[in-house]
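# A structural walkthrough
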Amino acid sequence: ASLATSAYAAKRLGVAYDSVWSPKTVAQVVTLIQAHSAPGDEVLSGGVIWELEARRRPFLTISHPLVFLDAMPEERARRILSGFAEHPPRIVVNDGYTERTYYRQLPELERLVADAYTLVGDVPGSRYPVQVYVRREGAQ
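Every residue gets a number counted from 1 within its own chain, in the order that chain's sequence is written. Totals for whole chains, interfaces and linings use every residue, but because this is a predicted model, local features are given only for residues with pLDDT of at least 70 and side-chain atom pairs only at 80 or more, for both listing and counting. Side-chain calculation: all heavy atoms of the structure are included, whereas hydrogens and water are not.

### As for the layout of surface pockets
- Quantified by volume, the largest pocket comes out at close to 150 Å³.
- Forming the walls of the largest pocket are Val20, Trp21, Gly46, Gly47, Val48, Ile49, Leu52, Ser63, His64, Pro65, Leu66 and Tyr97.
- When grouped by side-chain class, the residues that make up the lining of the largest pocket number eight nonpolar, four polar and no charged. Residues are called lining when one of their atoms sits within 4 Å of a cavity or pocket point, these points coming from a 1 Å grid over the protein atoms alone, where a cavity is a set in which a 1.4 Å probe fits but cannot get out and a pocket is an open set with protein on both sides within 12 Å along at least five of seven lines. Grid points are joined across faces, edges and corners, and a volume is the space filled by probe spheres set on the points. Throughout this entry, Asp, Glu, Lys and Arg are counted as charged residues, while Ala, Val, Leu, Ile, Met, Phe, Trp, Tyr, Cys and Pro are counted as nonpolar. The remaining residues, Gly among them, count as polar.

Here's what the structure looks like:
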């Protein structure tokens, strides 16, 4: 009986049930990203769901930032900091994973975001709250 119950529950709940961010959070964040960016703009985040759902490009085409949870190769770190200086992403999303990947490996990146970006949305309701930052015009 427990196997049948588990099979039934798995069909009813699906993979969306155990998500880090609720569908409502994803929808709200995507709306913020789309309102403050254009289709060619890049987004930096720890969970690339935001870029995919908003149809924006991941910063420096980094599609799997979770590989940076434990370490970041020195060359990659230099490339990210250089890219941030030369053509920073329009949007930065702090989603719980951005802090554990990019900011942990590159603490100066968090300062750069604080100095050059404005918070446009703080979306609660999921395992991690999500903050959306937009680059200020003329920010250095």
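### Description of empty space enclosed by the protein
- A full pass over the atoms with the stated rule returns one cavity of 30 Å³ or more.
- Taken as a whole, the largest cavity holds about 30 Å³ of empty space.
- Around the largest cavity sit Val43, Leu44, Ser45, Glu51, Pro58, Phe59, Ile62, Pro65 and Tyr102, which together line it.

### Quick notes on the packing of aromatic side chains
- Each Phe, Tyr or Trp ring (for Trp, its six-membered ring) is paired with any other whose centre lies within 6.5 Å, and the angle between the two planes then decides the class: stacked below 30 degrees, edge-to-face above 60, tilted in between. Inspection of the entire model under this criterion finds six aromatic pairs.
- Here the aromatic rings of Trp21 and Trp50 are separated by 4.9 Å at their centres, their planes lie at 65 degrees, and the arrangement is edge-to-face. Of the two residues, Trp21 is situated in the loop between helix H1 (2-13) and helix H2 (23-35) and Trp50 in helix H3 (residues 49-54); the sequence distance between them amounts to 29 residues. Comparing Trp21 with Trp50 shows no difference in burial state: the two are buried.
- On the basis of an interplanar angle of 75 degrees and a centroid distance of 5.7 Å, the ring pair of Trp21 and Tyr97 is categorised as edge-to-face. Remark: Tyr97 occurs in helix H5 (residues 97-105) and Trp21 occurs in the loop between H1 and H2; sequence separation between them is 76 residues.
- Here the term buried applies to any residue with accessible area under 20% of the maximum for its type, exposed to any over 50%, and partly exposed to those in between, with areas from a 1.4 Å probe on protein chains only. On the basis of relative accessible area, Trp21 is assigned to the buried category, the value being 9%.
- Through pairs of rings, three or more aromatic residues link up here, namely Trp21, Trp50, Tyr97 and Tyr128. We count a stretch as a helix when DSSP gives it H or I for four or more residues in a row; a strand needs E for two or more, and each element gets its number in order from the N terminus.

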